[in-house]
Amino acid sequence: MFLILSQEDHPLYERRFPLKKTTLGSQQVLNAQFILHAALDVFDEKYKSSKELFLKEIDQKQDYRVYGYVTPSNIRFLVLTDQDEERVKIFCQLAHEQLIKILMNPLYQLGTQITSPSFESVIQQLLQNRLNQ
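Residues numbered from 1 in each chain as written. Predicted model: local features only at pLDDT ≥ 70, side-chain atom pairs only at ≥ 80, totals over all residues. Heavy atoms only, no water.

Participant: Help me understand the overall build of the protein, please; the structure alone is not making it clear to me.
Facilitator: Helix and strand content of the protein: four helices and five strands. Along the protein, helices (α) and strands (β) appear in the sequence β-β-α-α-β-β-β-α-α when read from the amino end. Considering the protein as a whole, with its 133 residues, one finds that 40% of them fall into the buried category. Expressed as a percentage of contacts within the protein between residues at least 6 apart in sequence, the contacts between residues at least 24 apart total 53%. Summed over all atoms, the accessible surface of the protein reaches about 7,600 Å², with 49% contributed by carbon and sulfur. (Helix = DSSP H or I, 4+ residues; strand = E, 2+ residues; numbered from the N terminus. Buried < 20%, exposed > 50% of the residue type's maximum accessible area, 1.4 Å probe, protein only. Contact = heavy atoms within 4.5 Å. Areas by Shrake-Rupley, 256 points an atom, 1.4 Å probe, with all protein chains shown as cover.)

Participant: Got a minute to help me understand the nonpolar core in this structure?
Facilitator: Across soluble globular proteins, nonpolar side chains show a tendency to be buried alongside one another. Of all hydrophobic cores here, the largest spans 24 residues; its most connected members are F2, F77 and F91. Breaking this core down by element, the ones donating at least two residues are β1 (2–5), β2 (11–15), β4 (64–70), β5 (76–81), α3 (85–104) and α4 (117–131). A total of six residues in this core trace back to one element, the largest contributor, which is α3. In this structure, F91 is in contact with F2, V79, I123, L126, L127, R130 and L131, ignoring residues within four places of it in sequence. (Core = buried A, V, L, I, M, F, W, Y, C linked by side-chain atoms within 4.5 Å.)

Participant: Would you mind showing me how to read the side chain of D59 here?
Facilitator: On the secondary structure map, D59 appears in strand β3 (residues 54–61). Setting aside anything within four residues of it in sequence, one finds D59 in contact with A39, Y64, R65 and V66.

Participant: How should the side chain of T81 be read in this particular structure?
Facilitator: Tracing the backbone shows T81 in strand β5. Among the polar contacts listed, one links the side chain of T81 to the backbone nitrogen of Q83, at a separation of 3.1 Å. (Polar contact = N/O pair within 3.5 Å; in protein donor to acceptor, adjacent residues only side chain to side chain.)

Participant: Hey, could you run me through the packing of α3 against α4 in this one?
Facilitator: How two helices sit against one another is set out by the angle between their axes and by the gap between those axes. Here α3 crosses α4 at 170 degrees, and the two axes come no closer than 10 Å. Considered as vectors, α3 and α4 are oriented roughly antiparallel to each other. Contacts between α3 and α4 involve R87, V88, I90, F91, L94, A95, Q98, L99 and I102 from the first element and F119, V122, I123, L126, L127, R130 and L131 from the second. Across the contact of α3 with α4, the residue classes tally to 13 nonpolar, one polar and two charged. (Axes fitted to C-alpha atoms, helices over the stretch in contact; angles between N-to-C directions. Parallel < 35°, antiparallel > 145°, perpendicular 65-115°, else oblique. Nonpolar A, V, L, I, M, F, W, Y, C, P; charged D, E, K, R; others polar.)

Participant: Honestly, the sheet that holds β5 in this entry has me stumped. Any pointers?
Facilitator: Strand pairing in a sheet relies on backbone hydrogen bonds. The paired strands run either parallel or antiparallel. One open sheet accounts for five strands, arranged β2-β1-β5-β4-β3; its pairing is antiparallel. If you trace the sheet from one side to the other, it starts and ends with β2 and β3, each paired once. Looking at each pair of strands side by side, their axes are set apart by 15 degrees on average, direction ignored. As paired strands, β1 and β5 are joined by four bridges and run antiparallel to one another. Paired with L5 across the bridge in β5 is R76. Strands in contact with α3 are β1, β3, β4 and β5; relative to β5, the strand with the most contacts, it is inclined by about 145 degrees. (Pairing = 2+ DSSP bridges.)

Below, the structure written as structure tokens:
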């Protein structure tokens, strides 16, 4: 699961994707959301002590790891996956580039959910190419 949060912890974007070890049914989706939101406290602690954008693994539950990434404008990415760190880092960097394009769009209102079909399409492609192998 991939989640983008605003500076105020409002969800801007959420995307589910299949994991190697399981498919996400409705109960697993709720568990994934709970795991990601529970990782926010750890995220904040790691962010305060790091100068990097990619915070690496911030939590681990069962067979899955939660990775964190923060943009210079304090928009946060959380990724729940079973993939290795390098794949997640590259995915986050590419997703950040796409987020910049959305934020630069004069029609996008800051702090609102991202509903752009082109953003959705690119993120879906990135997930398939980077995190679903």
